Amino acid sequence: KADRPRPEVLQRVHSASLAAMLAQADGRTAAAPLLASALARGQASTGWWSYGIPGDGFELSATQHAILGLGAARRGGADIDESVWSRHFDSLIRLQMPDGSWSYGGVVPMSYPTGTFMGLANLLQTAGQVRPSEMFERCRDRALRALERDSGAVLDGFAQGWLRDYFTLFAMERACVFLGVEQV
């Protein structure tokens, strides 16, 4: 059992988050505080993460993995400062697009299904760590309408063979799990 991840694991958001998720799933909680600390340190002032730690970017993919890793580390016993959760939660409320999705980098206003799924999963995970507001309800409702719209298109694309983006399916599955939805 490795209680201390290799140093390079702590330098990349995806590596640290995956290590936290695997350790928590396997009951190896000794590394949770170290992994949570690395992930929290990687959060940019925007409330989002980029691929490296520390980061200054704004990538929704890296951010989703950071939030999933922080959630696993928290379940593994790590204390995570509420400001980490609230900074991201506030940014999700602020940066949601009118159609209910989120853009990949938060600054280029272009929605897409994976952005809907990643943003909704992050919103639901962070809402459990902060005091949700009325803005949360509106944001969640827009995201749920976007989930309904986008999940049909994505599932049709897989069924017809023209869509093979498994990260999109992963993001959709995470959003549905956090919602308690078993079928879309």
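Our structure is the block above this text.
Calculation rules
Residues numbered from 1 in each chain as written. Predicted model: local features only at pLDDT ≥ 70, side-chain atom pairs only at ≥ 80, totals over all residues. Heavy atoms only, no water. Helix = DSSP H or I, 4+ residues; strand = E, 2+ residues; numbered from the N terminus. Buried < 20%, exposed > 50% of the residue type's maximum accessible area, 1.4 Å probe, protein only. Polar contact = N/O pair within 3.5 Å; in protein donor to acceptor, adjacent residues only side chain to side chain. Contact = heavy atoms within 4.5 Å. Axes fitted to C-alpha atoms, helices over the stretch in contact; angles between N-to-C directions. Left-handed = near helix turned anticlockwise from the far one by under 90°. Nonpolar A, V, L, I, M, F, W, Y, C, P; charged D, E, K, R; others polar. Expected span 1.5 Å × (residues − 1). Patch = residues over 30% accessible without salt bridge, like charges linked within 9 Å, V, L, I, M, F, W, Y side chains within 5 Å. Areas by Shrake-Rupley, 256 points an atom, 1.4 Å probe, with all protein chains shown as cover. Salt bridge = Lys/Arg side-chain N within 4 Å of Asp/Glu carboxyl O.

A. Quick look at the side chain of Gln43. When you line up the elements, Gln43 lands in the loop between helix H2 (32-41) and helix H3 (60-75). Residue Gln43 is classed as buried on the basis of its relative accessible area, which comes to 9%. A polar contact of 3.0 Å, which involves the side chain of Gln43, links it to the backbone oxygen of Val84. Setting aside chain neighbours within four positions, we find Gln43 in contact with Trp48, Trp49, Ser83, Val84, Arg87 and His88.

B. Region of interest: the packing of helix H5 (residues 113-127) against helix H6 (residues 134-160). Here H5 crosses H6 at 145°, and the two axes come no closer than 9 Å. Every pair of crossing elements has a handedness; the one defined by H5 and H6 is left-handed. Counting all contacts with H5, which are made through Pro113, Thr116, Phe117, Leu120, Leu123, Leu124 and Ala127, the residues of H6 involved are Phe136, Cys139, Arg140, Ala143, Leu144, Ala146, Leu147, Arg149, Asp150, Ser151 and Val154. Partitioning the contact of H5 with H6 into residue classes produces 13 nonpolar, two polar and three charged.

C. Focus on H6. Taking 1.5 Å per residue as the helical rise, H6 with its 27 residues ought to reach 39 Å, and the 40 Å between its terminal C-alpha atoms agrees with that figure. Among all positions of H6, only Phe136, Cys139, Ala143, Ala146, Leu147, Asp150, Ser151, Val154, Gly157 and Phe158 are buried. Between the side-chain oxygen of the N-cap and the backbone nitrogen of Met135 there are 3.2 Å, and the N-cap of H6 in question is Ser133. Two residues or fewer after H6 comes Gly161, characterised by a positive phi angle close to 90°.

D. Here's a closer look at a nonpolar patch on the surface. A cluster of nonpolar side chains, contributed by Leu155, Val181 and Val184, occupies part of the molecular surface with about 200 Å² of accessible area. Residue Leu155 is classed as partly exposed on the basis of its relative accessible area, which comes to 32%.

E. View of helix H7 (residues 166-179). The end-to-end C-alpha distance of H7, which contains 14 residues, comes to 20 Å, matching closely the 20 Å that a straight helix rising 1.5 Å per residue would cover. In this structure, the buried side of H7 is in contact with H3, H5 and H6. Where H7 starts, the residue carrying a side-chain oxygen 3.1 Å from the main-chain nitrogen of Phe167 turns out to be Asp165. Backbone geometry just downstream of H7 places Gly180 in the positive-phi region, at approximately 80°.

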